[in-house]
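# Report on the structure
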Amino acid sequence: MKLAIGTKNPAKVHAVMDTLIREPLEFISIDAPSGVSAQPFSEEETLEGAINRAKFALSEAGSNIAVGLEGGVCETPNGIMLCNWGALTDHLGGVWIASGAKIPLPSNVERKLKEGYELGVIMSELMQDPHIRHKEGAVGVFTSGMLTRKEMFSHIVRLLYGQYQFDRPSYSH
């Protein structure tokens, strides 16, 4: 069975592949557009980006299932927080969604986001590493490495694939 991954970002691709390595799947990575702003700024926009990536990857790869993962930020009463969403779609039209961990961002990062900067750019400057989003990401930096971007997305992939496995027998009839 083919599983398309709607990104070329190594942290996201490895999150899917490493999480589902024992499953009988052939992985295909597709550069899929999110269809949302470069910096999703709400739960809804971040989820929409994940669904768009999954649907695009599914159609482009002609696969059985596809996963889209999207990171963003959202405003809360406790400040701006990291948020992340995933979607799994199948060739029968099913869509499963899951969200991951949230943590508040430091005030200097929050200020830059409100000025219109993208989190990836802010983190690259802050850490003096242009590839931070492809490695530990903001969550890795702000948790002192206790949780990396890949691990955060791996959690979402487990939630998605578990839902798919649960629903698949009844869904396909």
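Refer to the preceding data block for the structure.
Our subject in this report is the structure included herewith.

Definitions and cut-offs
- Residues numbered from 1 in each chain as written.
- Predicted model: local features only at pLDDT ≥ 70, side-chain atom pairs only at ≥ 80, totals over all residues.
- Heavy atoms only, no water.
- Helix = DSSP H or I, 4+ residues; strand = E, 2+ residues; numbered from the N terminus.
- Buried < 20%, exposed > 50% of the residue type's maximum accessible area, 1.4 Å probe, protein only.
- Pairing = 2+ DSSP bridges.
- Phe/Tyr/Trp six-rings, centres within 6.5 Å; stacked < 30°, edge-to-face > 60°.

### Observations concerning unusual backbone geometry
Although it is not a glycine, Q128 sits at a positive phi angle of roughly 50°. Its place among the elements puts Q128 in the loop between helix 4 (119-127) and helix 5 (137-142). For Q128, a relative accessible area of 74% gives the class exposed. A positive phi is found at S144, a non-glycine position, where the angle reads about 50°.

### Details of the pairing of strand 2 (residues 26-29)
Examined bridge by bridge, strand 1 (residues 2-5) and strand 2 share 4 bridges and lie parallel to one another. Residue pairing in the sheet places I5 in a bridge with S29 of strand 2.

### A few points about the packing of aromatic side chains
Taken as a whole and assessed by the stated rule, the structure comprises 2 aromatic pairs. Between W96 and Y164 the ring centres are 5.2 Å apart and the planes differ by 85°, which places this aromatic pair in the edge-to-face class. A residue pair is termed long-range when its members are at least 10 positions apart, and W96 in strand 5 (residues 95-99) and Y164 in helix 6 (residues 149-171) qualify at 68 residues. Each of the two residues, W96 as well as Y164, counts as buried.

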